[in-house]
Amino acid sequence: MDGSALSPLWGVPFAGLLLSIALAPLLAPSFWHHHYGKVAAAWALAFIVPFAASFGLPALTHELVHVLLGEYVPFIILLTALFVVAGGIFIRGNLHGSPGLNTGLLAIGAVLASLMGTTGASMLLIRPLIRANDNRVHKAHVVVFFIFIVSNVGGSLTPLGDPPLFLGFLKGVDFFWTALHIFPETLFTLGVLLVLFWLIDSYCYRKEGVLKVDPTPDTPRMGFDGAANFVLLGGVVALVLLSGLWKSPVQLEIYGTHMGLPGLVRDAGLVVIILLSLWITPGRVHADNQFGWGPMAEVAKLFAGIFLTIVPVIAMLKAGADGPFGAIVRAVTRPDGQPDPAMYFWATGILSSFLDNAPTYLVFFNSAGGDPAVLMTTHAATLAAISAGAVFMGANSYIGNAPNLMVKAIAEDRGVRMPSFFGYMLWSGGILVPLFIIQTFLFFR
């Protein structure tokens, strides 16, 4: 698709879907709860039908196959694997959600996020965190900060942490490059967020007290049920890493979409892990975890619509300075033609707040030259800004990163009254945006 020839009006279905996700739960919560999949499908059709009429069925088939088989299916398989495997691990023993314990869990999650991915760490820890706070009156803020820290910022140090960094790894960025070059930014952001969380949670804890009756009384000792799933979790990480390191000329082509052997092996292996986890996990573990498919179904349906309607938006961005969004691309370049790290940080970050941060990372990676050898050395500050913007600012909205929406769905499924789409953005706007402004002056000038 030639994005430079498209009208910005092709972005209307994507914008409509975003507004539906933002407004429908507020204006028509019952309708949205029962029909969100149909709403996502309607906006997808608002793109598919005009596209078929304008460019023909062969072009539509090519785009649909590329998006669904090349991007969406691997994405959903990985999320499902992490969701199922983490859902098969029950942390036995009732933790008590004091400010110190909650802060400690968030810090542990931040470390795990770079080792097993933001999705894996989120799925592993969100259930015990919610259970630890089940006798708290105010707990939505705990989940909000969990999204900030574990589902986003914590995954910034390795390619295993977040999809944008994994794409950079596939493009030739060294595995430990981000750990070496954005560690100060990550440490600063996590440190400030953890301190702010402790202050807010301490205030709420003192104000509300705790219920006299704990809904989940103590079990005899701490431990793990379904611990075999830790081995499967390691298998998920190994398969993802293998698909990036293994180079093979063998490819399967379907309607112009090339699927390499490493990716096919990864996805097949993940499906095996999903089935194996469901088979070996005792039913009582799923029952104790209140494991259900509702959150996964919501994410799958909404992101199917997002992946389809985002196609023309990404194409227009990839058109660069000559495309409909050329002003954005030109804004990241200084008058002397050199890249401006601060502008790359904000441009990548703002788009990653509402678009899929993985293709957004690639757009600006290519805008900065696309040569990993140059970006890791001469323009290291620019690559650091792109990496930090894509990962950190995915926390600005529920749709900035896949785990955000999944954590929200699990929390609501457990009875936590989460902020609305715009309510969440008030939290991110009040806490994250000022933090990112300070970070710009400290690290990206």
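Just so it is clear, the model here is predicted, and its values are computed rather than measured. (Residues numbered from 1 in each chain as written. Predicted model: local features only at pLDDT ≥ 70, side-chain atom pairs only at ≥ 80, totals over all residues. Heavy atoms only, no water.)

A. Inspection of the overall build of the chain at higher detail. The secondary structure content of the chain amounts to 20 helices and four strands. What you see for the chain is a C-alpha radius of gyration of 22 Å, in line with the 22 Å of a compact globule of 445 residues. Dimensions of the chain along its principal axes, counting C-alpha atoms only, are 65 × 45 × 45 Å. Sorting the 445 residues of the chain into buried and exposed places 56% on the buried side. Excluding contacts between residues fewer than 6 apart, the proportion of contacts in the chain whose partners are at least 24 apart in sequence is 82%. Distance between charge centroids for the chain: 9 Å, based on 22 positive and 23 negative side chains. (Helix = DSSP H or I, 4+ residues; strand = E, 2+ residues; numbered from the N terminus. Rg over C-alpha atoms; globule rule 2.2 N^0.38 Å. Buried < 20%, exposed > 50% of the residue type's maximum accessible area, 1.4 Å probe, protein only. Contact = heavy atoms within 4.5 Å. Lys, Arg positive; Asp, Glu negative; His and termini not counted. Charge placed at Lys NZ, Arg CZ, Asp CG, Glu CD.)

B. Molecular detail of the environment of Leu9. With respect to the element layout, Leu9 can be found in the segment before helix H1 (12-27). Each C-alpha atom of the pair Leu9 and Leu426 lies 28 Å from the other, and the pair is 417 residues apart in sequence.

C. The arrangement of unusual backbone geometry in detail. The residue Tyr255 is not glycine, and still its phi comes out positive at about 50°. Tracing the backbone shows Tyr255 in the loop between strand S3 (251-254) and strand S4 (257-260). Taking relative accessible area as the criterion, Tyr255 reaches 58% and is therefore assigned exposed.

D. Just the pairing of S4, in detail. Side-chain alternation along S4 places Thr257 and Met259 on a buried face and His258 and Gly260 on a face that remains uncovered. As defined by bridge partners, S3 adjoins S4 across four bridges and the pair is classed as antiparallel. Residue pairing across strands places Gln251 opposite Gly260, the latter belonging to S4. Hairpin remark: S3 followed by S4, antiparallel, with two residues in the connecting loop; positive phi at Tyr255, about 50°. (Pairing = 2+ DSSP bridges.)

E. Spotlight on helix H2 (residues 29-55). If you check H2, its first and last C-alpha atoms are 37 Å apart, about what 27 residues at 1.5 Å a residue would give, namely 39 Å. At His35, H2 shows its strongest bend, of approximately 75°. Burial in H2 covers these residues: Trp32, Tyr36, Val39, Ala40, Ala44, Phe47, Ile48, Phe51 and Ala52. Summarising the contacts, the buried residues of H2 are in contact with H1, helix H3 (57-87), helix H12 (294-309) and helix H13 (311-318). Following H2 by one or two positions, Gly56 has its phi on the positive side, about 95°. (Expected span 1.5 Å × (residues − 1). Bend = angle between axes of the 7 residues up to and from the residue.)

F. Quick peek at the environment of Asn366. Here Asn366 is to be found in helix H16 (residues 357-367). Looking at Asn366, the relative accessible area reads 45%, which means it is partly exposed. Sequence separation between Asn366 and Gly320 is 46 residues, and the spatial gap between their C-alpha atoms is 9.3 Å.

G. Looking closely at the side chain of Thr103. Note on placement: Thr103 falls in helix H4 (residues 99-132). Overall, Thr103 belongs to the buried group, its relative accessible area being 15%. Thr103 has contacts with Leu194, Phe197 and Trp198, leaving out every residue within four places of it along the chain.

H. Just helix H20 (residues 421-443), in detail. Considering bend angle alone, the principal kink of H20 is centred on Gly429 and spans about 35°. Buried within H20 are the following residues: Phe421, Gly423, Tyr424, Ser428, Ile431, Leu432, Leu435, Phe436, Gln439 and Thr440. Buried residues in H20 make contact with H1, helix H5 (140-149), helix H8 (183-208), helix H15 (341-352) and helix H18 (380-392).

I. Structural view of the nonpolar core. Grouped together as the largest cluster of nonpolar side chains are 135 residues, with contacts concentrated most on Leu106, Phe148, Ile149, Leu193 and Phe303. Ignoring anything within four residues of it in the chain, the contact list for Ile149 reads Leu106, Ala110, Gly154, Leu190, Leu193 and Leu194. (Core = buried A, V, L, I, M, F, W, Y, C linked by side-chain atoms within 4.5 Å.)

J. Seen up close, the environment of Phe169. Residue position: Phe169 is located in helix H6 (residues 163-171). Residues Phe169 and Asn152, 17 residues apart in the sequence, show an inter-C-alpha distance of 18 Å. With near-sequence residues (within four places) excluded, Phe169 lies in contact with Pro159, Phe175, Leu241, Gly244 and Leu245.

K. View of the pattern of salt bridges. According to the stated counting rule, one finds five salt bridges in the structure shown. Here Arg136 and Asp201 are joined by a salt bridge, their closest N and O atoms 2.8 Å apart. Here the residue Arg136 occupies a position in the loop between H4 and H5, and Asp201 occupies one in helix H8, the gap between them amounting to 65 residues. On the basis of relative accessibility, which here comes to 3%, the residue Arg136 falls in the buried class. By relative accessible area, which is 0% here, Asp201 ends up buried. (Salt bridge = Lys/Arg side-chain N within 4 Å of Asp/Glu carboxyl O.)

L. Geometry of the packing of aromatic side chains. Applying the stated criterion across every chain yields a total of 30 aromatic pairs. Note on Trp10 and Phe47: the rings are 6.3 Å apart at their centroids and 80° apart in plane angle, and the pair reads as edge-to-face. Residue Trp10 is located in the segment before H1, and its partner Phe47 is located in helix H2; the two are separated by 37 residues in the primary sequence. The same class applies to Trp10 and to Phe47, which are both buried. Taking the centre distance of 5.0 Å and the plane angle of 40° together, the rings of Phe75 and Phe307 count as tilted. One end of the pair, Phe75, is in helix H3; the other, Phe307, is in helix H12, and 232 residues separate them in sequence. A relative accessible area of 18% means that Phe75 is categorised as buried. (Phe/Tyr/Trp six-rings, centres within 6.5 Å; stacked < 30°, edge-to-face > 60°.)

So far we have only geometry, and geometry alone does not tell us how the molecule works.
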